[in-house]
Structures are given as structure tokens and as C-alpha cells.
Amino acid sequence: MAYPKSLVVIPTYNEKENILLIISAILEQNSCLEVLVVDDGSPDGTGDMVEAESENNPRVHLIRRPEKMGLGSAYVTGFKWALERDYDRIFEMDADFSHAPTDLNRFLEAAEEADLVLGSRYQDHKISVVNWDMKRLLLSYFANVYTRLVTGLPISDATGGFKCFRRSALSALNLNKMKSDGYCFQIETTFKIWKKGLHVKEIPIVFTDRTRGTSKMSGGIISEAFFLVLKLRLGLA
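These notes cover the structure that comes with them.

Analysis parameters
- Residues numbered from 1 in each chain as written.
- Predicted model: local features only at pLDDT ≥ 70, side-chain atom pairs only at ≥ 80, totals over all residues.
- Heavy atoms only, no water.
- Disulfide = S-S within 2.5 Å.
- Buried < 20%, exposed > 50% of the residue type's maximum accessible area, 1.4 Å probe, protein only.
- Helix = DSSP H or I, 4+ residues; strand = E, 2+ residues; numbered from the N terminus.
- Expected span 1.5 Å × (residues − 1).
- Phe/Tyr/Trp six-rings, centres within 6.5 Å; stacked < 30°, edge-to-face > 60°.
- Lys NZ or Arg CZ within 6 Å of the ring centre and 35° of its normal.

A short note on the state of the cysteines
No. 1: This model, assessed by the stated rule, comprises 0 disulfides.
No. 2: Summary of cysteine pairing: Cys164 is not part of a disulfide, and the nearest cysteine sulfur, belonging to Cys32, is at 9.1 Å.
No. 3: The exposure class of Cys164 is buried, given its relative accessible area of 0%.

See below:
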């Protein structure tokens, strides 16, 4: 099946071990796919590697930012770039292979009917996470339970970062007002699209923790998400 022109947005900070591998794996999946890397001044040379690749491949694009400015703002930068161009499907995806490139066509298929497609690690009460310790798994799982209970969002995995937006859904968000980061950003975008009455669909994925590089998770991101959920419920965000 022929799908519309699509862009995979990948924020990076020190991902030299993964970045060229993930770009290659993405582009192999479908000729409709292109990649935009938003690099936050990686001192390990990630941005230089992507720039060299982009000079030889018109399907690879790069935005350089001067310093580490956060995951949420990186996605906003990438989304605005996509909306200024003729992309009909815009993805969020990690650089570290925790999201399988082989799932991309399943997202494209689901996006033929849904405004936002989410890759779910917890759909139908099943846990599909590989290589996380129990503490991190429980934290993630119950963060999603908490989000559902407080906001009413009927989604099993609101904190996941593997998503496909239709252009119209992304355009419906006020990107200039998106200030959150990490888990928080994922909850905020999904909640606001759902509140607009758009169709949000989950599809099951297997999330595999990175085997190269280091995790960017922090306690600050988790506490931010806790308070954002309350603000969303009260209409303050």
C-alpha cells in the first residue's frame, strides 16, 4: 500500500553509537519515510555524523540546537519543521532501538483511520517491556494508571514515546504553549488531542531498553509528570 509522505522525528543527545544504525533501519521500512534528527549539541559528534549522512541522502535531515534543551522542546522544534513542509504523517521515535523500526508500517496502516496512533507497552493489561528492572517498570506502569484515574484519558500507555500523528491532529495543538518534557510531554499531547474529540488508537509494541548508550531518564521528569496530570484535570495546562 502507498502511504503519504512521512517524517520520523528523533531527538538526540550523545547517540553516536545508535544514530546511523537507526536512520538506516527506518529508511529501509518504507520509501515514504524520511528522518529528521533534532540534536541538542551532542559533544560526542552525533550531529556531525547526521550532517555527513544528510549530505549524501535527501531523506535525512538535521536541526542543530546549541545545547541540551529537553525532549519536549526538541519534538516541538521538529513538529514545527514538519508542518512547514508537506509531510502528512509525523512520528515520534527514540534513537536507541527501544522502538522497533519494523513497527513503522503498522503505525502507517493504523493512521489511515486514526488521528493519533500510540505504541502501547501495556495494552489489554499485558506488559511488553524488555530489560527494565522492576522498579522502573512499576513506576512506568502505575504512572499510566494514575494518569487514567485522574484525567479520564482512556489510554493504557499515555507515557510512551512511539507515536504517529496525522498532520491535521498535530496542527490542532498549540505547539507554542507546549512547555512540558519527557513523560510529561507525551501525556500532554495525547490528552489535548483526545480532548479535541480526535480519534486516538493504540497498537501493541514491544519496548526493548537500550543496549548502547545511556538512558536520559531523571527524577525531575517523573515529578513533572505527576503535577502536570493534576493541571490537565483542572484545566490549568
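Don't stop here, the text continues.
So, helix H7 (residues 182–195)
No. 1: Helix length check: H7, at 14 residues, gives a terminal C-alpha distance of 20 Å against a target of 20 Å (1.5 Å per residue), a fit within 8%.
No. 2: In terms of residue burial, H7 counts as a mostly covered element, since 12 of its 14 residues are buried.
No. 3: Those residues of H7 that fall on the buried side of the exposure criterion are Gly182, Tyr183, Cys184, Phe185, Gln186, Ile187, Glu188, Thr189, Thr190, Phe191, Lys192 and Ile193.
No. 4: Looking at the residues trailing H7, positive phi occurs at Gly197, about 80 degrees.

Digging into the packing of aromatic side chains
No. 1: Evaluated as defined, the whole model comprises 10 aromatic pairs.
No. 2: Ring centres of Trp81 and Tyr87 lie 6.0 Å apart, and the angle between their planes is 25 degrees; on these two criteria the pair is classed as stacked. Here Trp81 and Tyr87 have matching classes, each one buried.
No. 3: On the basis of an interplanar angle of 55 degrees and a centroid distance of 5.8 Å, the ring pair of Phe191 and Trp194 is categorised as tilted. Of the two residues, Phe191 and Trp194 are both situated in helix H7; the distance of 3 residues between them amounts to about one turn of the helix.
No. 4: Residue class for Trp194 comes out partly exposed when judged on its relative accessible area of 28%.
No. 5: Through successive ring pairs, a cluster of aromatic residues spans Tyr75, Phe79, Phe165 and Phe185.
No. 6: Note that Lys5 overlies the ring of Tyr87, its terminal NZ or CZ placed 4.8 Å from the centroid.
No. 7: Of note, Arg121 hangs over the ring of Phe207, and the distance from its end group to the ring centre comes to 5.5 Å.

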